[in-house]
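Descriptive structure summary
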Amino acid sequence: MPKKVHHVVRRTGTTLESPVVEIPVAEDIAGVPGIPQIEKDVAFYSREYPLESQNVEKAADREWSWSVYTPEVYEYRELHEKANAPFVAAAATTGEIEPTAEPVDRDITEDIRRKAYELGFGDVGFTRYDRRYTFQSKKRWVKFPGAICVALEQDYAQTQSLPSLEAEFAHFGTYETENEQCLALADFIRSLGYHAQVHSPNDNSSPFLPMFVAAGMGQLGANGQLLSPHFGSRARLAIITTDGPMTYDEPVDYGVHKFCQECLVCADRCPARAITRDKVWYRGVEKNKLIYDRCRPVMSTYEGCAVCMKACPIQRYGMKPVMEHYVETGEVLGKRTHNLEGFELREKGYFGPGELPSFDRSLFDFPKGTKDEWLFAEFKDKVEDGNGATPEETAAFVKELRAILDKGISTIGDE
Ligand code: SF4
Ligand code: SF4
């Protein structure tokens, strides 16, 4: 039985020439624009428990990941890091660069939008840079008040092969292109007479997703990813901040928040059972929560995993067909089909609807926290073992700790 349409969202296409996309939102999944949140709680958590980058907080497992890659993934990741590092390093100092012209002294929103599409971005939005989400280690780094949110789609066909090395080419290759495009867009903003700071997707200043939602570029899916009206979660996100005058966008209700509870395909298909089926209130926001310690080892071991991206109907078929199908039938397009839900995991085989792999418990026993926290936890275990640490172990521990302290904590990397 067809459902009543509550409202229709009209969104600019993925190029300046593309037609506007119209997405119907059924009455039973209409909610609030953006995401349900309690402002005073978001402010409280941001003040009392500021966020920190995974590059810092989870440094131990980021380093450990390299030890479980296949030789092919290892080799490709090394090549990627080498190719990407200069862009990430260049982005880090963009806030210091002075404009190259006198300010044009007018609203520059449309100039930036046009340039972003010209450079190849598939969507662009404008909002206030929300400092409540800034990572503690980046608080002094962030300079300007206006945020330009840019999304770059990764290859469709490669993405459907997740999890695979082929899909990792799409994932990391898109970051390389995006970093370069962001630097070019920042140059353009400086030529209009304003500052521009590039927040690389590989050295985030904050989680970018809340700002993309605030700019109306999609909503948060149960899989923890931005579901864009154009490419679902198949996009890589970056931000450029500026002091130039811009007109900010508004959040939009695409119906995603409630639709996800009708769908839950990502939660059903996650090999690690890492996505909660029920929404919880977390740091003032209502969402399905990803359990990091379950996801991480599977993601690292199995070519980036991302079954939660592959099996999302909005990624696979597009938001418009999925929402139209829901209005017409009340059903989730592709749910319980092999086409949507099937995936293959290296050495484990193929898993169709209703089937999931099992893993040895030892897979989930991996280094946690910062590098020195993990090293200390290991040492403590040895001391508490009853036998105590041997002089050799103590010497090795001191040596390793000294190396970590001398080296400092790596703040650059990407996932
Ligand atoms: S990446 Fe894989 S393990 Fe992690 S949440 Fe997605 S489907 Fe689950
Ligand atoms: S798979 Fe379904 S529940 Fe998960 S993010 Fe996509 S639409 Fe939402």
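Residues numbered from 1 in each chain as written. Chains lettered and ligands numbered in written order. Predicted model: local features only at pLDDT ≥ 70, side-chain atom pairs only at ≥ 80, totals over all residues.

Topic: the overall build of the protein
Counting its regular elements, the protein contains 17 helices and twelve strands. Here the C-alpha radius of gyration of the protein, 22 Å, is about what a compact globule of 415 residues would show, namely 22 Å. Once the C-alpha set of the protein is aligned to its principal axes, its extents read approximately 70 × 60 × 45 Å. Residue burial in the protein is summarised as follows: out of 415 residues, 41% are buried. Residue pairs at least 24 apart in sequence account for 75% of intrachain contacts in the protein once pairs closer than 6 positions are excluded. (Helix = DSSP H or I, 4+ residues; strand = E, 2+ residues; numbered from the N terminus. Rg over C-alpha atoms; globule rule 2.2 N^0.38 Å. Buried ≥ 20, exposed ≤ 12 C-beta atoms within 10 Å, placed from the backbone. Contact = placed C-beta atoms within 7 Å.)

What to know about the environment of Phe188
Mapped onto the fold, Phe188 is located in helix H7 (residues 165–191). For Phe188, a count of 19 C-beta atoms within 10 Å puts it in the partly exposed group. Note: C-alpha distance between Phe188 and Ala147 (41 residues apart in sequence) is 15 Å.

Thoughts on the nonpolar core
Counting residues in each nonpolar core, the largest one holds 85 residues, and the members touching the most others are Ile148, Cys149, Val150, Met211, Phe212, Cys266 and Cys308. In this structure Met211 touches Thr127, Tyr129, Asp130, Ala147, Cys149 and Ile239, once residues within four positions along its chain are discounted. (Core = buried A, V, L, I, M, F, W, Y, C linked by C-beta atoms within 7 Å.)

Side note on the site of ligand 1
Residues in close proximity to ligand 1 total 13 residues, the closest being Cys270, Ala272, Cys295, Cys305 and Cys308. Of all elements in the fold, only helix H11 (292–301) and helix H12 (307–310) reach the threshold of two or more residues within the shell around ligand 1. In terms of residue class, the shell around ligand 1 is built from 13 nonpolar, no polar and no charged. (Near = placed C-beta within 6 Å. Nonpolar A, V, L, I, M, F, W, Y, C, P; charged D, E, K, R; others polar.)

A few points about the site of ligand 2
Neighbouring residues of ligand 2: 13 residues in total, closest Gly221, Cys260, Cys263, Cys266 and Cys312. Of all elements in the fold, only helix H9 (256–263), helix H10 (265–269) and helix H13 (313–317) reach the threshold of two or more residues within the shell around ligand 2. Top contributing element to the shell around ligand 2 by residue count: H9, with three residues. For the shell around ligand 2, a count of residues per class yields eleven nonpolar, two polar and no charged.

Some thoughts on the domain arrangement of the protein
Segmenting the protein into domains produces domain 1 (1–369) and domain 2 (371–407). Each of domain 1 and domain 2 has a C-alpha centre, and the two are 37 Å apart. (Domains from an automatic or database assignment.)

Digging into the environment of Trp374
Residue position: Trp374 is located in helix H16 (residues 371–384). We classify Trp374 as buried; it has 20 C-beta atoms within 10 Å. With 313 residues separating them in the primary sequence, Trp374 and Asp61 have C-alpha atoms 9.1 Å apart. Beyond its immediate stretch of four places on either side in the chain, Trp374 contacts Ala60, Pro367, Lys368 and Gly369.

A few points about unusual backbone geometry
Cis geometry marks the peptide bond from Leu162 to Pro163; its omega dihedral reads -15°. Mapped onto the elements of the fold, Pro163 is located in the loop between helix H6 (156–160) and H7. Unlike most non-glycine residues, Asp105 shows phi in positive territory, near 60°. Here Asp105 is to be found in the loop between helix H4 (71–92) and helix H5 (109–119). The exposure class assigned to Asp105 is exposed, which follows from the 9 C-beta atoms found within 10 Å. The phi dihedral of Arg273 falls on the positive side, at around 55°, and the residue is not glycine. Among the secondary structure elements, Arg273 is positioned in the loop between H10 and strand E9 (275–282).

Points about helix H14 (residues 319–329)
Buried within H14 are the following residues: Met319, Val322, Met323 and Tyr326. Projected onto a plane normal to the axis of H14, the buried residues spread over an arc of 95° and lie on a single side. Residues of H14 that are buried sit in contact with strand E2 (21–26), strand E7 (226–227), H9 and H13. Backbone geometry just after H14 places Gly330 at a positive phi near 75°. (Arc of directions from axis to C-beta.)

Observations regarding the confidence of the model for the protein
When pLDDT is averaged along the protein, the result is 93, and 94% of the positions lie at 70 or above. Scored below 50 in pLDDT, residues 409–415 makes 21 contacts in the model with residues more than four places away or belonging to other chains. (pLDDT = per-residue confidence, 0-100.)

A closer look at the sheet that holds strand E3 (residues 123–128)
Read across the open sheet, the four strands follow the order E3-E4-E8-E5; overall the sheet is antiparallel. Sheet topology places E3 and strand E5 (196–199) at the edges, where each strand pairs with a single neighbour. Sheet twist, expressed as the average angle between the axes of neighbouring strands with direction ignored, equals 25°. Inspection of the sheet shows strand E4 (residues 146–153) paired to strand E8 (residues 235–242) by eight bridges, in the antiparallel sense. When the sheet's bridge partners are listed, Leu152 is paired in E8 with Arg236. Helix-sheet contacts for H7 involve E4, E5 and E8, and the interaxial angle to E8 is about 20°. (Pairing = 2+ DSSP bridges. Axes fitted to C-alpha atoms, helices over the stretch in contact; angles between N-to-C directions.)

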